[in-house]
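# Residue-level structure breakdown
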Amino acid sequence: MKFRKSLPKMLIHMLFILFSLACILPLISIISISFSNESDILDHGYRLFPVKFDFTAYVYVLYRPLQILNAFKVSLFVSVFGTIVSVLVMAGISYSLSRSDYKFKNQLSFYVFFTMLFNGGLVPSYILISNYLHLKNTVWVLILPYLAMPWFILLLRSFMQKIPHSIIESCMMDGASEFRIFAQIILPLAKPGLATVALFSLLQYWNDWWLSLLYIDNEKLVPLQYMLYRMMNNIEFLTHSSNALPSGVTAARLPSESARMAMAILAAGPMLAVFPFFQKHFVRGLTVGAVKG
Amino acid sequence: MWKASRFFKTGMMAAATFTLFGMLLAGCGGSPSKEGASPADSNNGKPAETGTASPAALPEVKLTWYFVGPWPQPEQDEVFAEVNKIVKEKINATVDFKPIAWGDYDQKMQVVIASGEPYDIAFTSNWINNYAQDVAKGAFLPLDDLLAKYAPKTFASVPKTFWDGTRVKGKIYGVVNQQITARTPHLAVPKKLAEKIHFDINQYSGKLNPDTLNQLEPYVQAGIKDNPKRAFIASFDGLGGDFFNLETIAGMHVPGAVDYSDPSLKVVNQFETPQVKKYAALIRDWNSKGYTNSKERIAIKVDPKGTEDTDGFSIGGVFKPGGDIQDSVGVGYPVLEIPTVQPHLTTGGIISSMQAISRTSKNPERAMMLLELMNTDQELYNLLNFGIKGKHFDLDADGFKVTGPDAQGYNPNVPWMFATNYMAYIDKGMPKTVWEDTKKLNADATPSNLIGFSFDPEPVKAEIGKTSAVFDEYSHAIELGVSDEAKYNEFLNKLKAAGSDKIIEEMQKQIDAWKASKK
Amino acid sequence: MKHLQLSILALPAFLLIFIFSYIPMSGIFIAFKNINFVDGIFHSPWAGFDNFKFFFTSDDAWLVVRNTLLYNVVFIVVGTIIAVLFAVLLNEVLSVRLLKFYQTVFFFPYFFSWVIVAFMAYSFIGPYGIVTTFLEKQIHTSFDFYTTTWVWPILLTLINIWKGVGYVSIIFYAGIMGISQEYFEAAAIDGATKFQMIRKITIPLLMPLISIMTLLSVGKIFYSDFGLFYFVPREVGQLYPVTQVIDTYVYRALKVSGDIGMSAAVGLFQSVMGFIVVLASNYIAGKVDEENKIF
């Protein structure tokens, strides 16, 4: 009896441990590359542990620590501020969309969804943002375009749809306005959904380099991911057209493989630590039943 | 069913709204490009100022300059501020420098140009921010008058053939940055290896081609013997047409080339020529003998930097006087280099580095004055290139350039990009005569019959796209000698299916028309 | 009153979407234009359907469309099943510490861009990679991953799921968290087994979420994750027959000319096809349960 009960449990853990390994090993492998000497990689192939530890890559990447620190500050501000505002903005529309008795529910859902499929492309957006909104080289250009993400809105809506209509109705009987219901009932009840979307939104902001590539020329406003992207993209470009380039710009001047991995680890590191913070909002008990009782 | 029609209605409404706003945008969006379209007026409005006009007479302006390189440099703001001090004093302008990183430049310039954003100067070439295409789409101003009026010294210092090379439909659109123009790929080999296997590199100088390349076989084999990673490295892009005695019309990856020795200017598909086929067969043989290390290199589009012990023979790059010394510094060990073939002067070599003035520029005459200043003021040019003297670089007692105490603070290392390279301080270790040697090499090169012809890709852009995709799929395996003959023929057939014949036909048509117009 | 208040709540997002999505959407007509910079993008001459010819007359069009669709169908089906499975099983992990550990670790792959993932893969299955070396030394077989065509559909699927499962399973996990405990308590009193509860309670209640996630992916079925198909196979030409998808093909074909008209044309095709497929799926989803629909 006991065995029958614990066998499935063991299988679950075995599956998860195996998958955990699959997630951790590649990470270890690139950490190992970042601490390896280029010639050791050439001689000994890739390894999970460096033949001998070598910090050149980090010395190279952190040569100007102020630059990285500043990029980190930009990333942090954009991610935190952007996430807070965007969750509020998206929760508002998601709530309205989740109400089956809302008159414009279908039209508005379509309005949101349509933008997921069709977009006017790069050039019109660029003209709008730089020539009309004059947002180029401001920190806002890194925040505003991602405040209302259709994908997240529709996701959040599905979470909110699960809140029983009876709760909302009973509040309305008490004469509460929609704003009060939204702030005092919906937001607390939708916590797992909000936490999910907040986490995704944070990652979206943290990982983005596209907006800075287009709209930021000012080094002081360059976020961390763009620094990484620029480094990778330069390598990709130089290596592809190294033969078309005027002589003297040789691949030899590129950052080493180790330096690239070091940069990747520095750019991803802070987010690796952020997950547990969100996790406490996924806890059991914040369910409809609990509140009702 | 009524529901479906409601979606449709919403969709229509959305469509109507954005069309409306599109029109709104269009109304405004059109105007800036129109404004910039008539720079001639602004010229006529003012008395003809020349580069020598006193700065006080000029109203103050701001110029925006986009260029490429290994940016950002940690202390670039400091250097740019110094540059601006001089520029302000000489032509009463401030430059808003827009240094863009290598990998971002193409994309950035595409949106900047397409959006009609005002800017003044941009770096352009045949390998990044494509000159022919930008000119074909009307991105730049014709410079003939501006050059004569505001940059007479620069205009006079560049040979006439070079200006002819930049002409599109008879007009100049780019200011040539003089440097090595007669481009030939070089053969490079680590000095240590050459000494060990008794390889006398100089006897092959200018004499390597698909027919003679097999003479290197014993040496390549000797190199491979003590390190199997010491592969023979060469790619189609690196060999270019030159190695095959061909002038490619739109680059090696687009079918269409003319043999240098063919005065009738008949366009052929380079991959169908006997010399390219012969080369492919040789490499196939070399691969079977293990000379190309193909097993490892197939998944590496670009070979990583090696060491003195893992690098072997390679063909690519551009041969230039002093290039071996520069490259030795770059790779970190002594390298020997020779030109593979006799140099030719081609349009591609001439337009490989230029500055152009934008159609949207509000001050094209001042932009030209800035280019004249960059091309004539040695101190300014070297400041922008190498940073602050005594800090980022230094001059030794003999006047050679050596690294400064803070070399890492500013070292973009792109002297061929800003203006004429001949003004650069000479690196320690290079011959004092390096620029004279370069000029001589350019002057002695055989001019191609096609100088002054520029190909307009617009009519066959779809075919060029499709053949590029085919080239991308097959080229690396052919370069490594992995593809057998059947695979090579499959490549040719796919090129045909993708429209190579149509491209060649169009090229021939344009060349014939150009030839006729010249008479 | 109710509608007005709800509309006010929706207003900020409505405006943001209007500004950043609908206004630039006017650029869709670029697909029908022959762009030049003298006239500017809005006044350039019309090109009719010329820009569409490039893609549809190419030999590879059918192949890359097929690849795109097949990969996406596999990714949607297998990816969703695995993500739901993970979420359900994570819910069975009672130790809070272990749960935190698993969820955090499963998220690791998501943090690295495809370029880095390509490096990770190469450090395992490249010629000097950990797996390749292991195969050679321990099993004495030499296996060349980067030239073996048949392994790539499997590899790309595995890598794609590996990278995304932590992310997607969070959504389903949060969905399970939102299910009222009362259902499970009632079922437990009736003597239901764990497996029955999952089948009869968890999965049905997750259905709207699964459905919307699937619908959202279906809309993008003609698009593919560029980085996965471009960087991970390291651009090895021999692998193109199984790794080339619409986005990589267009990128490779147009990187030389950078023609915005032709790339806009392919983009429009991808969107319109996705739109048609999603309308159909939305209709079918709505037949099953009104809750499952997007709009």
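Since we're looking at a predicted model, the values are computed, not measured. (Residues numbered from 1 in each chain as written. Chains lettered and ligands numbered in written order. Predicted model: local features only at pLDDT ≥ 70, side-chain atom pairs only at ≥ 80, totals over all residues.)

### Structural notes on the nonpolar core
Note the following rule: Each nonpolar core comprises buried Ala, Val, Leu, Ile, Met, Phe, Trp, Tyr and Cys residues, the members being joined through C-beta atoms within 7 Å. Counts of 20 or more other C-beta atoms within 10 Å of a residue's own C-beta define buried residues, counts of 12 or fewer define exposed ones, and intermediate counts define partly exposed ones; C-beta atoms are placed from the backbone. Comment: elements are numbered from the N terminus, with helices defined as DSSP H or I runs of at least four residues and strands as E runs of at least two. Domain borders in the structure are assigned automatically or taken from a domain database. Each residue is represented by a C-beta atom placed from its backbone, and any two residues with such atoms within 7 Å are regarded as in contact.
Within the largest apolar cluster, 315 residues are counted, with the highest numbers of intra-cluster contacts made by Met90, Ile153 and Ala264 of chain A, Leu370 of chain B together with Ala13 of chain C. Tallying contributions element by element places helix α8 (residues 151–177) of chain C first for this core, with 13 residues. Residue-level mapping places this core at the junction of two domains, with at least three residues from each of domain 1 (1–30 + 188–342 + 453–519) and domain 2 (55–180 + 349–447) of chain B. Ignoring any residue separated from it by four or fewer positions in sequence, one finds Ala264 of chain A in contact with Ile30 and Leu228 of chain A together with Phe112 and Ile116 of chain C.

### Considering the interface of chain C and chain A
Threshold: Residue classes follow a fixed rule: Ala, Val, Leu, Ile, Met, Phe, Trp, Tyr, Cys and Pro count as nonpolar, while Asp, Glu, Lys and Arg count as charged, and any other residue, Gly among them, counts as polar.
Tallying the contact residues gives 70 residues for chain C and 77 residues for chain A. In terms of residues, the side of chain C that touches chain A owes the most to one element, helix α1 (residues 2–25) of chain C, which gives 17 residues. In terms of residue class, the side of chain C that touches chain A is built from 47 nonpolar, 18 polar and 5 charged.

### Points about the environment of His186 of chain B
All names here are of chain B. Along the chain, His186 turns up in strand β7 (residues 186–190). With 22 residues separating them along the chain, His186 and Leu208 place their C-alpha atoms 9.7 Å apart. With residues up to four places along the chain from it excluded, the contact list for His186 reads Gly317, Val318, Phe319, Gly323, Glu337, Ile338, Pro339 and Thr340.

### Comments concerning the sheet that holds strand β11 (residues 314–316) of chain B
Residues and elements named next belong to chain B. Quick reminder of the rule: What makes two strands pair is DSSP finding at least two bridges between them. Fitting a line to C-alpha atoms yields each axis, with helices limited to the stretch in contact; the angle taken between N-to-C directions then spans 0 to 180 degrees.
Ordered in space as β11-β7-β12, the 3 strands form an open sheet in which the pairing is antiparallel. The open sheet terminates on both sides in strands that have one partner only, identified here as β11 and β12 (335–339). Taken pair by pair, the neighbouring strands of this sheet meet at an average axis angle of 25°, ignoring direction. Sheet topology note: the β7/β11 ladder contains 3 bridges and is antiparallel. When the bridges of β11 are listed, Ala188 appears paired with Ser314.

### Looking at the packing of helix α10 (residues 191–207) of chain A against α8 of chain C
Going by this rule: Should an angle fall under 35 degrees it is called roughly parallel, over 145 degrees roughly antiparallel, and 65 to 115 degrees roughly perpendicular, with every other angle called oblique. For any pair of crossing helices, the crossing counts as left-handed if the nearer helix is rotated counterclockwise from the farther one by less than a right angle, and right-handed if it is rotated clockwise.
Between α10 of chain A and α8 of chain C, the least distance of the axes is 8 Å, while the angle of their chain directions is 165°. The orientation of α10 of chain A with respect to α8 of chain C, classified from their angle, is roughly antiparallel. The handedness of the crossing between α10 of chain A and α8 of chain C is right-handed. In this structure, α10 of chain A uses Pro192, Gly193, Ala195 and Thr196 of chain A to contact α8 of chain C, whose residues at the interface are Ile170, Ile171, Ala174 and Met177 of chain C.

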